[in-house]
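Structural features, examined
Here is what each chain is made of, one letter per residue.
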Amino acid sequence: MDCIGVIGYGHMGGMLVNGFLSSGVLGIDEVVVTSKSRESRDACAAAWPGIGIARANGELARRCRTIILAVRPQEVTEVLREIVPLMDGDEHIVSLAAGIGLAELEGLFSGSVTRVVPTISSTVGQGTTLICHGRQVGMHDALRVEGLFSSIGNVMLVEEEELPAATILSSCGPGLLAAVIEELADAAARASGLSADRALQLATETAAATAAYLRETGETPGDLIGRVATGGGVTEVGVKGIRERLPEVFDEAVAAMLERYGAVGK
Ligand SMILES: NC(=O)C1=CN([C@@H]2O[C@H](COP(=O)(O)OP(=O)(O)OC[C@H]3O[C@@H](n4cnc5c(N)ncnc54)[C@H](O)[C@@H]3O)[C@@H](O)[C@H]2O)C=CC1
Ligand SMILES: O=C(O)[C@@H]1CCC=N1
């Protein structure tokens, strides 16, 4: 059987297994998992009774044609060196590792390789998975991977040179926006008698509602600000301060992330 193997059952590996099985795109007998930590293997077996848990990465590689590497970037080389000698060569390696390029992956496995960048928001069926196929990937394998990830959210095909910036937006983005939501809520709570819990509840709901508004109306953020900020009113003084200071903050954050992106896994 053409099983899907998932090496690493951490945040991403766990999310993908849950998503693929919950959506029904894969059956329980079509997934094999390995993970270094005993706790995560036990958690997987408990969450999905009957799922294949391989004793070693090599065993998984012998059983599966599509192999998803959901280990940290610094662990990718070790895992590929371990499994490639045991593989036939017609497998499809799907790497989630941020910052590890196709050339590096193809240097370790000369067959079909795809880079995929999921997002934690696919836990709730939202957000966009980025997909970048290597030159060796045939139509059948490409469509299979795109179909798998479509079951947990949107997918976008990207060129490899677009991946760093696209990753920051789509995949790091939930972390960045969560920090913004937290800071906004904390500032409001500090300045008032509103409890921290209620401030966070309001800020979170407002973020979700604002994204829904922009998505559904097609308005730009500038259009929306124009509707909210009554002339001489409250919003405009806040937006003015943010527009003066945020570009520098975000330019620095993006520059730091791009620098780290180029160094991760080295
Ligand atoms: N967390 C995120 O939102 C995103 C992460 N990624 C990428 O996904 C990959 C995984 O990230 P996370 O799930 O956050 O990491 P994590 O640290 O939560 O999970 C890594 C898993 O790999 C296992 N592992 C480590 N060495 C292993 C080995 N030799 N054999 C088998 N299993 C091994 C660990 O036990 C752990 O379960 C990374 O390469 C990351 O760049 C990509 C997009 C988003
Ligand atoms: O922070 C990270 O390195 C991973 C890759 C993209 C999102 N999370």
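Everything numeric in this text was worked out from a predicted model, so none of it was measured.

**Some details on the site of ligand 2**
Taken together, the residues surrounding ligand 2 are Ala98, Thr167, Ser171 and Cys172. With the chains in place, 43% of the 240 Å² that ligand 2 exposes on its own is no longer accessible. Placement of ligand 2 is best described as lying within the second largest pocket.

**A few points about the side chain of Ser95**
Tracing the backbone through its elements, the reader meets Ser95 in strand S5 (residues 92-95). A polar contact is formed between the side chain of Ser95 and the backbone nitrogen of Ala97, at a distance of 3.2 Å. Not counting residues within four places of it along the chain, the set of residues in contact with Ser95 comprises Leu69, Leu105, Thr114, Arg115 and Val116.

**Some thoughts on helix H4 (residues 73-83)**
Here H4 has its buried residues at Pro73, Val76, Val79, Leu80 and Ile83. In a view along the axis of H4, the buried residues occupy a sector of 100°, so they form one face of it. In this structure, the buried residues of H4 make contact with strand S1 (3-7), helix H3 (57-63), strand S4 (64-69), S5 and helix H5 (102-108).

**A look at the pairing of S4**
With respect to burial, S4 is a largely interior element, five of its six residues being buried. Strand direction decides the pairing type here: S1 and S4, joined by five bridges, are parallel. Paired with Gly5 across the two strands is Ile67, which belongs to S4. Following the chain from S4 across H4 to the adjacent parallel S5, one finds a crossover that is right-handed.

**Description of the sheet that holds S1**
Remark on secondary structure: sheet strands pair via backbone hydrogen bonds, oriented parallel or antiparallel. As summarised here, the arrangement of the eight strands in space is S3-S2-S1-S4-S5-S6-S7-S8, forming an open sheet in which the pairing is mixed. Bordering the open sheet on either side are strand S3 (52-53) and strand S8 (154-157), each of which pairs with just one other strand. Both S1 and strand S2 (residues 31-34) contribute to a ladder of four bridges, which runs parallel. Bridge pairing in S2 links Ile4 to Val31. Packed on one face of the sheet, H4 meets S1, S4 and S5 and runs near 165° to S4.

**Side note on the UniProt feature "binding site: NADP(+)" (unreviewed entry) in the protein chain**
Residues given the UniProt feature "binding site: NADP(+)" (unreviewed entry) here are Ile7, Gly8, Tyr9, Gly10, His11, Met12, Ser35, Ala70, Val71, Arg72 and Pro73. Considering only the residues just annotated, the second largest pocket is lined by Ile7, Gly8, Tyr9, Gly10, His11, Met12, Ser35, Ala70, Val71, Arg72 and Pro73. Turning to its location among the elements, Tyr9 is positioned in the loop between S1 and helix H1 (11-23). Residue class for Tyr9 comes out buried when judged on its relative accessible area of 11%. Among residues more than four places away in sequence, those in contact with Tyr9 are Gly14, Val17, Asn18, Val33, Thr34, Ser35, Ser40, Ala43, Cys44, Ala47 and Trp48. Within the secondary structure layout, Met12 lies in helix H1. The contact partners of Met12, leaving out residues within four places of it in the chain, are Leu96, Pro118, Thr119 and Ile120.

**Quick notes on the packing of aromatic side chains**
Applying the stated rule across the entire model yields one aromatic pair. Judged by centre distance (5.4 Å) and plane angle (90°), the rings of Phe20 and Phe149 are edge-to-face. A residue pair is termed long-range when its members are at least 10 positions apart, and Phe20 in helix H1 and Phe149 in helix H6 (residues 139-150) qualify at 129 residues. Note on Phe20: relative accessible area 2%, which makes it buried. On the basis of relative accessible area, Phe149 is assigned to the buried category, the value being 0%.

Rules and cut-offs
- Residues numbered from 1 in each chain as written.
- Chains lettered and ligands numbered in written order.
- Predicted model: local features only at pLDDT ≥ 70, side-chain atom pairs only at ≥ 80, totals over all residues.
- Heavy atoms only, no water.
- Near = heavy atom within 4 Å.
- Areas by Shrake-Rupley, 256 points an atom, 1.4 Å probe, with all protein chains shown as cover.
- 1 Å grid on protein atoms, 1.4 Å probe; cavity = no way out; pocket = protein on both sides within 12 Å on 5 of 7 lines; lining within 4 Å.
- Sits in = over half its atoms within 2 Å of the grid points.
- Helix = DSSP H or I, 4+ residues; strand = E, 2+ residues; numbered from the N terminus.
- Polar contact = N/O pair within 3.5 Å; in protein donor to acceptor, adjacent residues only side chain to side chain.
- Contact = heavy atoms within 4.5 Å.
- Buried < 20%, exposed > 50% of the residue type's maximum accessible area, 1.4 Å probe, protein only.
- Arc of directions from axis to C-beta.
- Pairing = 2+ DSSP bridges.
- Right-handed = clockwise from strand over helix to strand, strands pointing away.
- Axes fitted to C-alpha atoms, helices over the stretch in contact; angles between N-to-C directions.
- UniProt positions renumbered as here; feature names shortened; annotations may be inferred.
- Phe/Tyr/Trp six-rings, centres within 6.5 Å; stacked < 30°, edge-to-face > 60°.

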